[in-house]
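Letter by letter, the chains look like this.
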Amino acid sequence: MKNTPLAGLKVVELARVLAGPWAGQTLADLGADVIKVESPEGDGTREWGPPYITRADGREESAYYHSCNRGKRGVVADFRDAGDLAFVKQLCADADVVIENFKVGSLAKFGLDYASMAAGNPRLVYCSITGYGQTGPYAHHPGYDFVIQGMSGIMSVTGEPEGEPMKLGLSVSDLACGIYSVIGIQAALAMRERTGKGQHVDMSLLDCSVALLANQSMYHLATGQNPPRMGNAHAQVAPYQVYELADGHFILATGNDRQFQRLCAVLGRADLAQDPRLESNAGRLANREWMNGEIARDVKQFTKADMLRLCDENNIPAGPINQLDEVFADPQVVARGMQVELPEGIPSVRSPFKFSDAELALDRPSPKHGEHQDEV
């Protein structure tokens, strides 16, 4: 039997789409027994394709569904059916954790809300994931990742300065909320060890996305101004952006004066290294446009392979802009074992944890609809 960090933890997942299932999958990877409860219609993401993953028995489900449901056992229940509802309540009666992402208040009519569940199971850690949280003027509004990326300010700092605001190429608000939810759940479990009591963990996509603003939020709080949209450049560091090479593009991320000096040596530009306007990061920011023009002209003489090799040899932070086939062929990604193959030949990407004295549970693919009904 595998030595997993959360072995013996029982989690009931009353969630669908991404944020809740992402939290459940992370806990499953860490060894928890996660039981995914679906409606008779199933999690809608099962149909979110193409592309699809074909199981050994020929059954097809979307790759999207498989991205966030690995490691769970699956059952089906209709909360409007008395027998099914009793079954779900029985599952929750001895659960350590319940994860749900229903609209605020909608589970109370079934007796599946925190107050009802905790009355019979006071050690329960109950995590609610919603767009805006359990309180506030937007609490009853539905939450969607794209909308939250806009409302949270993430899109205001993403994209080219003269272009339209852009969302990220992945559902960062959903994913961040899923990850923060795991942290909140584990914190509540640790507190339960001291107090003997569980609690309600109230997670909001908007809260999590605002929390992600990090230095961008501090720019505003420190100055009262809105941070500029910089495209692939950095608002506080230069040169720190994408440059075009003879055969593609690369990322240059010089973070201090010494790295800039080494870059100048690689480019054969002693004049830039000695220019008093560029001796500090503040000067490089003030002269960014002119400096970038000089660097852009010089790096175009290099191929990507040569430029990345020279940066590596001279300890200058730089990297390629990989397509996903290049990502999964990258020797570092391969060495870390990020791509895994689950039973039934289903490909997957593991959670990014490495432990000195524990391992992940990566031996169960996403459940078929109701696959473990009899077992559970």
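Below is a short write-up of the structure. (Residues numbered from 1 in each chain as written. Predicted model: local features only at pLDDT ≥ 70, side-chain atom pairs only at ≥ 80, totals over all residues. Heavy atoms only, no water.)

**Re the packing of aromatic side chains**
Reasoning step 1: Evaluated as defined, the whole model comprises seven aromatic pairs.
Reasoning step 2: Note on Phe 79 and Phe 102: the rings are 5.9 Å apart at their centroids and 35° apart in plane angle, and the pair reads as tilted. Taken together, the residues span a long stretch of sequence, with Phe 79 in the loop between strand E5 (73-76) and helix H3 (82-93) and Phe 102 in the loop between strand E6 (97-100) and helix H4 (114-120) at a distance of 23 residues.
Reasoning step 3: Under the relative-accessibility criterion, Phe 79 is labelled buried at 12%.
Reasoning step 4: Ring centres of Tyr 243 and Phe 250 lie 6.4 Å apart, and the angle between their planes is 40°; this geometry places the pair in the tilted category. Across this residue pair, the class does not change: Tyr 243 and Phe 250 are buried.
Reasoning step 5: Sitting above the plane of the Phe 146 ring, Lys 167 keeps its charged end 6.0 Å from the centroid.
Reasoning step 6: If you follow Arg 284 out to its NZ or CZ, it ends over the ring of Phe 260, 4.8 Å from the centre. (Phe/Tyr/Trp six-rings, centres within 6.5 Å; stacked < 30°, edge-to-face > 60°. Helix = DSSP H or I, 4+ residues; strand = E, 2+ residues; numbered from the N terminus. Buried < 20%, exposed > 50% of the residue type's maximum accessible area, 1.4 Å probe, protein only. Lys NZ or Arg CZ within 6 Å of the ring centre and 35° of its normal.)

**Section: the side chain of Thr 130**
Reasoning step 1: By secondary structure assignment, the location of Thr 130 is in strand E7 (residues 125-130).
Reasoning step 2: For Thr 130, a relative accessible area of 9% puts it in the buried group.
Reasoning step 3: Excluding anything up to four places from it in sequence, Thr 130 contacts Phe 102, Val 104, Met 203, Ser 204 and Leu 205. (Contact = heavy atoms within 4.5 Å.)

**As for the sheet that holds strand E9 (residues 240-245)**
Reasoning step 1: Pairing in this open sheet of three strands is antiparallel, and the strands run E9-E10-E11 from one edge to the other. This sheet does not close on itself; its edge strands, each paired only once, are E9 and strand E11 (318-320). When the angles between neighbouring strand axes are averaged without regard to direction, this sheet yields 30°.
Reasoning step 2: Examined bridge by bridge, E9 and strand E10 (residues 248-253) share six bridges and lie antiparallel to one another. Its bridge partner being in E10, Leu 245 is matched across the sheet by Gly 248.
Reasoning step 3: Contacts from helix H12 (residues 288-299) reach E9 and E10, with the element oriented near 35° to E9. (Pairing = 2+ DSSP bridges. Axes fitted to C-alpha atoms, helices over the stretch in contact; angles between N-to-C directions.)

**Observations regarding unusual backbone geometry**
Reasoning step 1: Of note, the amide linkage connecting Gly 49 to Pro 50 takes the cis form, showing an omega dihedral of 5°.
Reasoning step 2: Among the structural elements, Pro 50 can be located in the loop between strand E2 (33-38) and strand E3 (52-54).
Reasoning step 3: Of the consecutive residues Ala 238 and Pro 239, the connecting peptide bond is found in the cis state with omega at -5°.
Reasoning step 4: Mapped onto the fold, Pro 239 is located in the loop between helix H8 (214-223) and E9.
Reasoning step 5: Although it is not a glycine, Val 17 sits at a positive phi angle of roughly 70°.
Reasoning step 6: Inspection of the secondary structure assignment puts Val 17 in the loop between strand E1 (10-14) and helix H1 (19-29).
Reasoning step 7: The partly exposed category is assigned to Val 17, whose relative accessible area is 28%.
Reasoning step 8: In this structure, Asn 315 is a non-glycine residue whose phi angle is positive, near 55°.
Reasoning step 9: The topology assignment puts Asn 315 in the loop between helix H13 (304-313) and E11.
Reasoning step 10: The exposure class assigned to Asn 315 is exposed, which follows from its relative accessible area of 55%.

**Description of the layout of surface pockets**
Reasoning step 1: Approximately 1100 Å³ is the volume attributed to the largest pocket.
Reasoning step 2: Of all the secondary-structure elements, those providing two or more residues to the lining of the largest pocket are H1, helix H2 (63-66), helix H6 (172-195), helix H14 (324-329) and strand E13 (346-349).
Reasoning step 3: Of the residues assigned to the lining of the largest pocket, the class counts are 23 nonpolar, 10 polar and two charged.
Reasoning step 4: The volume enclosed by the second largest pocket comes to roughly 560 Å³.
Reasoning step 5: Around the second largest pocket, the lining comprises 23 residues; the ones closest to its centre are Val 17, Asn 101, Gly 143, Tyr 144 and Asp 174.
Reasoning step 6: In the lining of the second largest pocket, the residues fall into 12 nonpolar, seven polar and four charged. (1 Å grid on protein atoms, 1.4 Å probe; cavity = no way out; pocket = protein on both sides within 12 Å on 5 of 7 lines; lining within 4 Å. Points joined across faces, edges and corners; volume = space filled by probe spheres on them. Nonpolar A, V, L, I, M, F, W, Y, C, P; charged D, E, K, R; others polar.)

**A closer look at the pattern of salt bridges**
Reasoning step 1: Tallied over the full model, the rule gives 25 salt bridges.
Reasoning step 2: Close ionic contact of Glu 244 with Lys 300 constitutes a salt bridge, the shortest N to O distance being 3.8 Å. Taken together, the residues span a long stretch of sequence, with Glu 244 in strand E9 and Lys 300 in the loop between H12 and H13 at a distance of 56 residues.
Reasoning step 3: Judged by its relative accessible area of 40%, Glu 244 falls in the partly exposed class.
Reasoning step 4: The salt bridge involving Arg 309 is made with Asp 306; its shortest N-O contact spans 3.6 Å. Residue Arg 309 and its partner Asp 306 are both found in helix H13; the two are separated by three residues, about one turn of the helix.
Reasoning step 5: Salt bridges sharing partners connect three or more residues here, namely Glu 38, Arg 46, Arg 55, Glu 61 and Glu 344. (Salt bridge = Lys/Arg side-chain N within 4 Å of Asp/Glu carboxyl O.)

**What about the pairing of E10?**
Reasoning step 1: A loop of two residues connects E9 with E10, the two strands running antiparallel in sequence.
Reasoning step 2: Looking at chain direction, E10 and E11 are connected through three bridges and run antiparallel. Across the sheet, Phe 250 pairs through a bridge with Pro 320, a residue of E11.

**Looking at the nonpolar core**
Reasoning step 1: Residues Val 11, Leu 27, Val 97, Ile 99, Ile 129 and Ile 185 are the most contacted members of the largest nonpolar core, which totals 33 residues.
Reasoning step 2: Per-element tally for this core: the top contributor is H6, with five residues.
Reasoning step 3: Apart from the residues lying within four places of it in its own chain, the contact partners of Ile 129 are Ala 19, Gly 20, Ala 23, Ile 99, Glu 100, Asn 101, Cys 177, Ser 181, Met 203 and Leu 205.
Reasoning step 4: Counting residues in each nonpolar core, the second largest holds 21 residues, with Leu 267, Leu 272, Ile 295 and Leu 310 among its members. (Core = buried A, V, L, I, M, F, W, Y, C linked by side-chain atoms within 4.5 Å.)

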